[in-house]
Amino acid sequence: MSRGEYDKAQEAALFIRERARLEPRIGLVLGSGLGAFAEGLEEASPIPYGEIPHFPVSTAVGHSGRLVIGRSSGVTVAVMQGRVHFYEGYTLKEVVFPIRVLGGLGVRVLVLTNAAGGINRKLRARGLLLIRDHINLQGSNPLLGANEERFGPRFPDMTEAYSKELIALAQKVARRQRLRLFEGVYAAVHGPSYETPAEVRALARLGADVVGMSTVPEVIAANHLGLRVLGISCVTNMAAGISKQKISHDEVLEAGERVAKQFTAFLRALIPVLARGAR
Ligand code: HPA
């Protein structure tokens, strides 16, 4: 990859540092309908994506598109309220640009959240699932092209793309809150059409528990940077053909908003625990 991506990420990080004089160690990306957590931050400095040099601006409904640096339970965090997706027509390099900026800001632990369709019948819509592993079916990879060594190695290892230690910490926090967290495999598809029932049956055979249209490129870029990743899916609906109901984006957003309170409370309890683990 060109020298350009690194310099652009540094420039964006510098801009953010001048606007918000806090040093986040933990980054969060809030997916569809899950943006509420950012509202409760203290000493918050919200920066619309459009103001940050080179930052891609989301076109998806339900994504407000701002970076909020602030404190949660006394811990400095950088929260992305909304993300851009491959299906919006961005290149995967653009999709992962914000992750590289977070890395440039000093973030070492990244929490990625998304809305997903449930494939495993044990899942109930509106449950939360910790992503244990993924299957990339987007047919591309953000690391294609010449490698930028200052981001990371040519062939990053993905054996533990989702940190086992962070999953264990998240389960500990969930137990304390009497919150049931499933664990499973996230399949990333291109979208933007939802899957057909035949595709969902195929995904089940491949070993997927949930399906969605985001997160995986960001996880690849984060592993390239050497960040530790925690992935959380909010199961907003059962995937096509698993339930008889048709799927609508409005339903996905509504379901996200319905779990928002519980989800926000969980993230709030999780942050200080991750901060101790992030050293
Ligand atoms: N499929 C793909 N992406 C999704 C779904 C789904 O059923 N629900 C929320 N995001």
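Being a predicted model, the structure only gives us computed values, none of them experimental.

**Student:** Before we go on, may I ask you to explain helix H5 (residues 216–225) in this structure?
**Tutor:** Count 3.6 residues to each turn of an α-helix, and residues three or four apart come out pointing the same way. In terms of burial, H5 is largely enclosed, as 10 of its 10 residues are buried. Among the residues of H5, Val216, Pro217, Glu218, Val219, Ile220, Ala221, Ala222, Asn223, His224 and Leu225 are the ones counted as buried. Those residues of H5 hidden inside the fold are in contact with strand S1 (26–30), helix H2 (92–105), strand S5 (109–118), strand S6 (128–136), strand S7 (181–188) and strand S9 (228–238). Note on H5: the residue one or two positions beyond its end, glycine 226, has a positive phi of about 85°.

**Student:** Before we go on, may I ask you to explain the site of the ligand in this structure?
**Tutor:** Around the ligand sit Ala115, Ala116, Gly117, Tyr194, Glu195, Val211, Gly212, Met213, Thr236, Asn237, Ile247 and Val252, and that is every residue in its neighbourhood. Glutamate 195 places a polar side-chain atom, nitrogen or oxygen, 2.7 Å from a nitrogen atom of the ligand. The separation between a nitrogen atom of the ligand and a polar side-chain atom of asparagine 237 is 2.7 Å. Mapped onto the shell around the ligand, the elements with two or more residues apiece are S5, strand S8 (210–212) and S9. Here the shell around the ligand takes three residues from S5, the largest share from any one element. For the shell around the ligand, the residue count by class is seven nonpolar, four polar and one charged.

**Student:** For this particular structure, what's the right way to read the packing of H2 against H5?
**Tutor:** Two numbers describe a pair of packed helices, the interaxial angle and the distance between the axes. Running from N to C, H2 and H5 cross one another at 40°; their axes reach a closest spacing of 9 Å. By the angle between their axes, H2 is oblique relative to H5. Between H2 and H5 lies a crossing of right-handed hand. Residues Leu92, Val95, Val96, Ile99, Arg100 and Gly103 of H2 form the contact with H5, whose own contacting residues are Pro217, Glu218, Ala221, Ala222, His224 and Leu225. Here the contact of H2 with H5 is composed, by residue class, of eight nonpolar, two polar and two charged.

**Student:** Would you mind showing me how to read a positive patch on the surface here?
**Tutor:** Together, Lys172, Arg175, Arg176 and Arg276 give the surface a local cluster of positive charge. The leading source of residues in the positive patch is helix H3 (residues 164–176), at three residues. Within the secondary structure layout, arginine 276 lies in helix H6 (residues 249–277). The exposure class assigned to arginine 276 is exposed, which follows from its relative accessible area of 54%.

**Student:** Which parts of the structure should I look at to understand the pattern of salt bridges?
**Tutor:** Pairing is possible between side chains that carry opposite charge, provided their charged atoms lie close to one another. In this structure the tally under the stated criterion is eight salt bridges. Note that lysine 8 is salt-bridged to glutamate 5, the shortest N-O span being 3.1 Å. A residue pair is termed a helical-turn pair when its members lie 3 or 4 positions apart in one helix, as lysine 8 and glutamate 5 do in helix H1 (residues 3–19) at three residues. With relative accessibility at 30%, the residue lysine 8 sits in the partly exposed group. Using a relative accessible area of 10% as the deciding quantity, one classes glutamate 5 as buried.

Thresholds, definitions, all that
- Residues numbered from 1 in each chain as written.
- Predicted model: local features only at pLDDT ≥ 70, side-chain atom pairs only at ≥ 80, totals over all residues.
- Heavy atoms only, no water.
- Buried < 20%, exposed > 50% of the residue type's maximum accessible area, 1.4 Å probe, protein only.
- Helix = DSSP H or I, 4+ residues; strand = E, 2+ residues; numbered from the N terminus.
- Contact = heavy atoms within 4.5 Å.
- Near = heavy atom within 4 Å.
- Polar contact = N/O pair within 3.5 Å; in protein donor to acceptor, adjacent residues only side chain to side chain.
- Nonpolar A, V, L, I, M, F, W, Y, C, P; charged D, E, K, R; others polar.
- Axes fitted to C-alpha atoms, helices over the stretch in contact; angles between N-to-C directions.
- Parallel < 35°, antiparallel > 145°, perpendicular 65-115°, else oblique.
- Left-handed = near helix turned anticlockwise from the far one by under 90°.
- Patch = residues over 30% accessible without salt bridge, like charges linked within 9 Å, V, L, I, M, F, W, Y side chains within 5 Å.
- Areas by Shrake-Rupley, 256 points an atom, 1.4 Å probe, with all protein chains shown as cover.
- Salt bridge = Lys/Arg side-chain N within 4 Å of Asp/Glu carboxyl O.
- Lys, Arg positive; Asp, Glu negative; His and termini not counted.
- Charge placed at Lys NZ, Arg CZ, Asp CG, Glu CD.

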